[in-house]
Amino acid sequence: MSSLCHTSAVMVVFMALAVSVGAEQLEEKSCDVIGDESSESQTERALLKKLEPLSQMRFNVTVEKGKTENYIYHFRVCREVNSSQHDFGGLVQTDRQGRRTTVIGRINETQVFNGSDWIMLIYKGGDSYGSHCSGEKRRAVIMISCKRGVIASSFSIISEEREKEQECFYLFEMDSSLACPAEDSHLSVGSILLITFASLIAVYIIGGFLYQRLVVGAKGMEQFPHFAFWQDLGNLVADGCDFVCRSKPRNAPAAYRGVGDDQLGEESEERDDHLLPM
């Protein structure tokens, strides 16, 4: 019995270790800003947080230059292109002919900064150049420009600067609404006051209606809050408009009066007697 318990305990331990290792493998690495953790820029961390919605997307672009250069560039925002290799490659170049893979930039050496309507993401620490740029490590620069209405689009390569002695780089661009500044409210003070006033009126009417109906038990028009007051006020306003807006005195006779029987007078019985023969 004791050996069975011992075997079960060992199996449980092995299962727990397998689950923990699997969880570590499934957890993807994210961007690590250059510098010690204690000295990392909070602005850069905020920008990377802003770009987080793009982290689950993959971007590819194909470049063909004659028969010698035929590449596919794979890019992810703050995630490894191929997490199984654990090479931190955030932007990777694949030779379509020889299937050779070159890491252009790594997410564990990230820099990021922004302007009014753009964000620039830089991956450093790529594979070293051969005969170019004094053999330094490659670097990828991704310019993310503001385009409202799209989460991400138009990923493309602009150029590769490798004719210098140092500071060579690959330049890419893409569009995203995440790089756009926050839209300012266009409401004026008057509009805000009007909206506030309308909201208060709506609360007064709805709340008063519910109170009159559910608490007081009113029916019909009596459910309207302070119905008698508004009725009297309406009558006063109507009387005021009648007094102010009429252009004629209140006692002036009408311009046209119909002819009635009382205006015809009494007929004389002898008005035609002189016409009768004698």
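Residues numbered from 1 in each chain as written. Predicted model: local features only at pLDDT ≥ 70, side-chain atom pairs only at ≥ 80, totals over all residues. Heavy atoms only, no water.

### A closer look at the pairing of strand β6 (residues 140-146)
The pairing of strand β5 (residues 118-125) with β6 spans 6 bridges and is classified as antiparallel. Note that in β6 the partner of I122 across the bridge is V141. Here 7 bridges tie β6 to strand β8 (residues 169-176), and the two strands are oriented parallel to one another. When the bridges of β8 are listed, S145 appears paired with D175. (Pairing = 2+ DSSP bridges. Helix = DSSP H or I, 4+ residues; strand = E, 2+ residues; numbered from the N terminus.)

### A look at the state of the cysteines
By definition, a disulfide links the sulfur atoms of two cysteine residues through a covalent bond. In the structure shown here, the tally under the stated rule is 3 disulfides. One disulfide in the model links C133 with C168; its S-S distance is 1.7 Å. Its torsion about the S-S bond being -100°, the disulfide of C133 and C168 is classed as left-handed. Of the two residues, C133 is situated in the loop between β5 and β6 and C168 in the loop between β7 (153-161) and β8; the sequence distance between them amounts to 35 residues. Here C133 and C168 have matching classes, each one buried. Ordering the disulfide-forming cysteines of the protein by sequence position, one finds them joined as 1-2, 3-5, 4-6. (Disulfide = S-S within 2.5 Å. Buried < 20%, exposed > 50% of the residue type's maximum accessible area, 1.4 Å probe, protein only.)

### With respect to the sheet that holds strand β2 (residues 69-76)
Sheet architecture is open: 8 strands sit in the order β1-β2-β3-β4-β5-β6-β8-β7, paired in mixed fashion. Looking along the sheet, the strands with just one partner apiece sit at the ends: β1 (58-65) and β7. The average angle at which neighbouring strand axes cross in this sheet is 25°, direction not considered. Pairing geometry for β2 and strand β3 (residues 89-95), over 5 bridges, is antiparallel. Bridged to Y73 within β3 is Q93. Sitting on the sheet, helix α2 (residues 42-50) touches β4 (101-114) and β5, and the angle it makes with β4 is about 115°. (Axes fitted to C-alpha atoms, helices over the stretch in contact; angles between N-to-C directions. Contact = heavy atoms within 4.5 Å.)

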